[in-house]
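As a plain string of letters, each chain reads:
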Amino acid sequence: DSQSISKLETIQKREPNDVGVLLVLAGHYERLGDTNKAKRAYAQILGINSNSLPAMLKLANLTVGAPGNSDEALRLTKAAYSLARNDPQTKQSLAKLALNAGDHAWALRVFQEAAESTREPEMDYDLALCQFWMGNPAAAEASARQALSKGTAFVRASEAQKFLEVLNLFNSAS
């Protein structure tokens, strides 16, 4: 893989504005765990094309976990949201980023939008978790039940069922 990176870096030096090469290079850096180089490559892409949704999402993902970078992660997340308002899967990713960056209210709104715009049970379950974190167990229960009732393949169905059991314990204890 270091050979591939070396070749890509050589190409990138010759073609510094080639977004495709930078995306592939950044991906290689990520796989090798060199997040600083990956971040620089994604930032360079955004310098070339400020509307590059893949670069925004990747950079936000890399930035959200770093201490003291939640404001930057939120800025990137909200910029990406403005580009992908109609894509439920992107909204789901963005809401998770916002949640991790600490903007729970905005994450809840985006989860709600995503859940309303698709029949995917995953969206409803993510909404349920966010609703619970935001202190609304009744809404969380309704969303989790909605996820389980959709009748489509739901990877986290057993997790959602356990969540409902925990909610029942929570409700009976309060």
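Since we're looking at a predicted model, the values are computed, not measured. (Residues numbered from 1 in each chain as written. Predicted model: local features only at pLDDT ≥ 70, side-chain atom pairs only at ≥ 80, totals over all residues. Heavy atoms only, no water.)

Asks: Would you mind going over the confidence of the model for the protein chain with me for this structure?
Replies: Should the pLDDT be low somewhere, the predicted coordinates at that spot are not to be read in detail. Averaged over the protein chain, the pLDDT score is 89; the fraction of residues at 70 or greater is 99%. Per-element averaging of pLDDT across the protein chain places helix H6 (residues 88–101) at the bottom with 84 and helix H3 (residues 35–48) at the top with 95. (pLDDT = per-residue confidence, 0-100. Helix = DSSP H or I, 4+ residues; strand = E, 2+ residues; numbered from the N terminus.)

Asks: Quick question: what am I supposed to make of the nonpolar core here?
Replies: Note that soluble globular proteins tend to have their nonpolar side chains buried in a common cluster. Core analysis: the largest hydrophobic core is formed by 40 residues, its most contacted members being Tyr42, Leu46, Leu76, Leu94, Phe111 and Cys130. Counting residues per element, the ones that place at least two in this core are helix H1 (2–14), helix H2 (19–31), H3, helix H4 (53–64), helix H5 (70–83), H6, helix H7 (104–116) and helix H8 (121–133). Not counting chain neighbours up to four residues away, the residues in contact with Phe111 comprise Gln92, Ala95, Lys96, Leu99, Asp126, Leu127 and Cys130. In terms of nonpolar packing, the next biggest core, distinct from the first, is built from 11 residues, Tyr125, Ala128, Ala147 and Phe154 among them. (Core = buried A, V, L, I, M, F, W, Y, C linked by side-chain atoms within 4.5 Å. Buried < 20%, exposed > 50% of the residue type's maximum accessible area, 1.4 Å probe, protein only. Contact = heavy atoms within 4.5 Å.)

Asks: I keep staring at the packing of aromatic side chains and nothing clicks. Help me out?
Replies: One pair of aromatic rings is described through two measures. These are the centre distance and the angle between the planes. In total, this model carries 5 aromatic pairs according to the counting rule given. Seen in terms of ring centroids, Tyr125 and Phe154 are 6.0 Å apart; in terms of plane orientation they differ by 70°. Their pairing is edge-to-face. Taken together, the positions of Tyr125 in helix H8 and Phe154 in the loop between helix H9 (137–149) and helix H10 (157–173) put the pair 29 residues apart, joining distant regions of the chain. Residues Tyr125 and Phe154 agree in their burial class; the two are buried. Ring geometry for Phe132 versus Phe163: centroids 5.8 Å apart, planes at 90°, classification edge-to-face. Pair noted here: Phe132 is in helix H8 and Phe163 is in helix H10, with a separation of 31 residues, a long-range link. In this structure Phe163 comes out as buried when scored by relative accessible area, which is 11%. Taken together, the ring pairs in this structure connect Tyr125, Phe132, Phe154, Phe163 and Phe170 into an aromatic cluster. (Phe/Tyr/Trp six-rings, centres within 6.5 Å; stacked < 30°, edge-to-face > 60°.)

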